[in-house]
Amino acid sequence: MTLAALDSATLFGLCGAALAGIGLFVVIAHPGLLRRLVGFNILGAGIFMVFGAVARRGAAAGLPGDPVPQAMVITGIVVAFSASALAVALLRRLFDLTGRDSLEPPAAGKTPRAES
Amino acid sequence: MNLLLDLALVAWLVVLALHVARTGDDRNAIVAFIAFGLLLGLAWTRLGAIDVALTEAAIGGGITGLLLLRAEAHLRRGRQADGAPRQGGGAKTIVAALASAVVALGLGLAVLAFPSPAPTLAQPALAAIDATGLGNPVTAVLLAYRALDTLLEKVVVLLALLGVWALTPDNLWGGAPELKEANPPQPLLYLARTLPPFGVLIAVYMVWVGADAPGGTFQAGSILAAMWLLVMLAGLSPAPETRSRLLRLLLVGGPALFFAIGFLGFAVAGGFLAYPKPLAKALIVGIEAALTVAIALALGLLVAGPSNKAPAR
Amino acid sequence: MSALADLFTLVMVAGGALLFLAGTLGLLRFPDTLSRLHALSKADNLGLGLIVLGLLPQVGSIAGGLKLVCVWLLAQLSAATASQLIAGALHRRKSGR
């Protein structure tokens, strides 16, 4: 496939695939929960971008894109934000109660904070 | 030329995502993520989806960024000096990298294998739009054709807020979340006094214009939420107590009105969420207005988090 | 007339882009936070101003032009506040602790 044959919808679709991969990697591999949350948002952004490519390819009848996937992405962004907010609240509570911001077993010699 | 712009955008998006994966500092990663969100908004305009671009810039770049930065500051304050850099095990990282590469590759192949000509619902969406009285097909999908999705999504946002509130310690239940900085700097106070009038004006304009042009409830709601958060951060107006009747009523009001109109559909138009044709536009605008207020409140309270002050007696 | 307007747009937008480039260079190359802020606010205010000015003849309607000017004013407001906040935080860190 030559570069000239690459249209912008396909380009952003491939970008979305790459972003989903990077986000997934952060979610699996990073020990810190806050970073995993950022990774989760990047993963979501990648998936939405693949949807965007689908919408763009569906341009017809004078519209710049298929409105149905676009509307689904708008809904998805708001739901992803709600999930992130719930996750942040859980993380803050976990941290206040145990002093830890990760689910990895604590390193030897470190005791969790007992207060509050 | 346009392809060059797209290539640059894609390159920046991937580089910023990689930076989030590699940097050692959480705050650094979050700032990169905010830039990522704004560039993503640009990418959506390149894909011809202005409605999505507005939502992404406001929520993905703006409000999510604020949420994450506040969480990071909270963790940093509590952690004191024992923040030794952690690292994952080597074998685990390699497996994770392989697994994610396989997923990305699979998605990429799926993108390359999209059927041609592409399936599209653009024509049916436009064909029926006259019956709704709307001009923006995305708004028509959100509030008429697939109104059920939007309604359930509102319920999801409320459930998330309930989940956040449920994490309140027992003795603080019903109190107010505290957002104010200990000593808000003067420029922040100035901004919090100057910007909200414009923000509210832009939000109202966006709801109104959303029927026919890019814009709508989600975008307007997130702008309103941002203005409210700014005022609360500067301490000009305290966050409301979560036990407040009025607050809870407004939160439930948007979805409740949506449900009521939905059930009314059985009586007058022969189906759940069916709008009677002459009233369609008026009903949709009414739902949008109530939903905008509910979304703004819910988004603001989601960022504010569970209450951390005991309710006043 | 329209050729003249196009030329005006071309010159102004190119000038704005050049200022953004200079600002970015300053952001990357200057040694400390305050001078980096200085470079950045120049690019933001003047560069965006020139680009908006250059685009004005291309807008079809008065409302569109007003929106462009509003974008510039709001960007000014947010840029000014952000640099004040960053400089203030820096000042407090230096003198406070």
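Note that residues are indexed from 1 along each chain, following the sequence as it is written. Each chain takes a letter, starting from A, and each ligand takes a number, starting from 1, following the order in which they are written. For this predicted model, a pLDDT threshold of at least 70 governs which residues receive local features, and a threshold of 80 or more governs which side-chain atom pairs are given and counted, while totals over whole chains, interfaces and linings are taken from all residues.

The name given to chain C in an unreviewed UniProt entry is Monovalent cation/H(+) antiporter subunit G, with Bosea rubneri as the source organism.

Caption draft 1: Inspection of the overall build of chain C at higher detail. Runs of E in the DSSP output that reach at least two residues are strands. Runs of H or I that reach at least four are helices, and both are numbered from the N terminus. Per the secondary structure count, chain C includes 3 helices and 0 strands. In terms of overall dimensions, chain C is more spread out than a globule: its C-alpha atoms have a radius of gyration of 17 Å, far above the 13 Å expected for 97 residues. Viewed in the frame of its principal axes, chain C has a C-alpha envelope of about 60 × 25 × 10 Å. Remark: C-beta atoms are placed from the backbone, and a residue is labelled buried if 20 or more other C-beta atoms sit within 10 Å of its own, exposed if 12 or fewer do, or partly exposed between those counts. Among the 97 residues that make up chain C, the fraction classed as buried is 11%. When we talk radius of gyration, it's over C-alpha atoms, and the globule rule is simply 2.2 Å times the number of residues to the 0.38.

Caption draft 2: Main features of the arrangement of the chains. Here 2 pairs of chains are in contact, and chains A and B lead that list by number of contacts. We call two residues in contact when the distance between their C-beta atoms, placed using the backbone, is within 7 Å. What separates chain A from chain C at the closest point of their C-alpha atoms is a distance of 21 Å, and the two make no contact.

Caption draft 3: Expanded view of the interface of chain B and chain C. Residue-level contacts link 8 residues of chain B with 6 residues of chain C. Residue classes follow a fixed rule: Ala, Val, Leu, Ile, Met, Phe, Trp, Tyr, Cys and Pro count as nonpolar, while Asp, Glu, Lys and Arg count as charged, and any other residue, Gly among them, counts as polar. Residue classes in the side of chain B that touches chain C are distributed as 7 nonpolar, 1 polar and no charged.

Caption draft 4: Representation of the domain arrangement of chain B in the model. Residues and elements named next belong to chain B. By domain assignment, chain B separates into domain 1 (1–77) and domain 2 (120–313). With centres defined by C-alpha atoms, the gap from domain 1 to domain 2 works out at 23 Å. Listed per partner, the contact involves 10 residues of domain 1 and 13 residues of domain 2. Counted by class, the side of domain 1 that touches domain 2 contains 7 nonpolar, 2 polar and 1 charged residues. Reported domain spans reflect what an automatic or database domain assignment gives.

Caption draft 5: View of the packing of helix 2 (residues 33–57) of chain A against helix 3 (residues 67–98) of chain A. Residue and element names in this part refer to chain A. To define axes, lines are fitted to C-alpha atoms, for helices over the stretch in contact only, and angles between the resulting N-to-C directions are given on a 0 to 180 degree scale. Where helix 2 contacts helix 3, the two axes come as close as 10 Å, and the packing angle between them is 175°. Considering their axes alone, helix 2 and helix 3 lie roughly antiparallel with respect to each other. Packed against helix 2, whose contacting residues are Leu 33, Leu 34, Leu 37, Asn 41, Gly 44, Phe 48, Phe 51, Gly 52, Val 54 and Ala 55, the element helix 3 presents Pro 69, Gln 70, Met 72, Val 73, Gly 76, Ile 77, Ala 80, Ser 84, Ala 87, Val 88 and Leu 91 at the interface. Of the residues belonging to the contact of helix 2 with helix 3, the class tally is 15 nonpolar, 6 polar and no charged. Relative orientations are named as follows: roughly parallel for angles under 35 degrees, roughly antiparallel for angles over 145 degrees, roughly perpendicular for angles from 65 to 115 degrees, and oblique for any other angle.

Caption draft 6: Focus on the environment of Ala 280 of chain B. Residues and elements named next belong to chain B. As for its position among the elements, Ala 280 is in helix 12 (residues 280–304). Spatially, the C-alpha atom of Ala 280 lies 5.5 Å from that of Thr 132, the residues being 148 residues apart in sequence. Ignoring anything within four residues of it in the chain, the contact list for Ala 280 reads Ala 131, Thr 132, Gly 133 and Tyr 275.

Caption draft 7: Representation of the UniProt feature "transmembrane region" (unreviewed entry) in chain C. All names here are of chain C. Within this numbering scheme, the UniProt entry marks residues 7–28 and 48–75 as carrying the feature "transmembrane region" (unreviewed entry). Summarising residues 7–28: 100% helix, 0% strand, and an end-to-end C-alpha distance of 32 Å. Across residues 48–75, helical content stands at 79% and strand content at 0%; the span's end C-alpha atoms are separated by 8 Å. UniProt positions are given in the numbering used here, feature names are shortened, and annotations may be inferred rather than shown by experiment.

Caption draft 8: Representation of the nonpolar core in the model. We define the nonpolar core as any set of buried residues of the types Ala, Val, Leu, Ile, Met, Phe, Trp, Tyr and Cys, connected via C-beta atoms lying within 7 Å of each other. Residues Leu 19 and Val 38 of chain A together with Leu 13, Val 20 and Ala 298 of chain B are the most contacted members of the largest nonpolar core, which totals 132 residues. Broken down by element, the residue count for this core peaks at 15 residues, all from helix 12 of chain B. There are two domains that each give this core at least three residues, and those are domain 1 (1–77) and domain 2 (120–313) of chain B. Those residues in contact with Ala 298 of chain B, other than ones at most four positions away along the chain, are Val 157, Leu 158, Leu 161 and Leu 251 of chain B. In terms of nonpolar packing, the next biggest core, distinct from the first, is built from 5 residues, Leu 19, Ala 43, Leu 50 and Val 52 of chain C among them.

Caption draft 9: Layout of the interface of chain A and chain B. Chain A puts 70 residues into the contact, and the matching count from chain B is 78 residues. The leading source of residues in the side of chain A that touches chain B is helix 3 of chain A, at 23 residues. Among the residues forming the side of chain A that touches chain B, the class breakdown is 45 nonpolar, 18 polar and 7 charged.

Caption draft 10: Just the environment of Met 206 of chain B, in detail. Checked against the element boundaries, Met 206 of chain B lands in helix 9 (residues 186–209). Excluding anything up to four places from it in sequence, Met 206 of chain B contacts Gly 215, Gly 216, Gln 219, Ala 220 and Ile 223 of chain B.

Caption draft 11: Region of the structure containing helix 2 of chain A. Any helix carries an expected span of 1.5 Å times its number of residues minus one. In this model, helix 2 of chain A (25 residues) spans 36 Å end to end at C-alpha, consistent with the 36 Å of a helix rising 1.5 Å per residue. Among the 25 residues that make up helix 2 of chain A, 23 are buried, leaving the element largely enclosed by the rest of the structure.

Caption draft 12: Spatial organisation of the packing of helix 8 (residues 147–166) of chain B against helix 11 (residues 245–268) of chain B. All names here are of chain B. Contact pair helix 8 / helix 11: the axes reach a minimum separation of 10 Å and the direction vectors enclose 155°. Regarding the angle of helix 8 to helix 11, the classification is roughly antiparallel. Here helix 8 and helix 11 pass one another in a crossing that is left-handed. Residues Leu 151, Lys 154, Val 155 and Leu 158 of helix 8 pack against Leu 251, Gly 254, Pro 255, Phe 258 and Gly 262 of helix 11. Considering only residue class, the contact of helix 8 with helix 11 consists of 6 nonpolar, 2 polar and 1 charged. Helix crossings get a hand from a simple test, with the near helix turned counterclockwise from the far one by less than a right angle marking a left-handed crossing and a clockwise turn marking a right-handed one.

Caption draft 13: Representation of helix 10 (residues 217–233) of chain B in the model. Residues and elements named next belong to chain B. End to end, helix 10 covers 24 Å across 17 residues, agreeing with the expected 24 Å (1.5 Å per residue, within 8%). Most of helix 10 sits inside the fold, with 16 of its 17 residues counted as buried. Where helix 10 ends, the next residue or the one after it, Gly 235, has phi of about 80°, a positive value.

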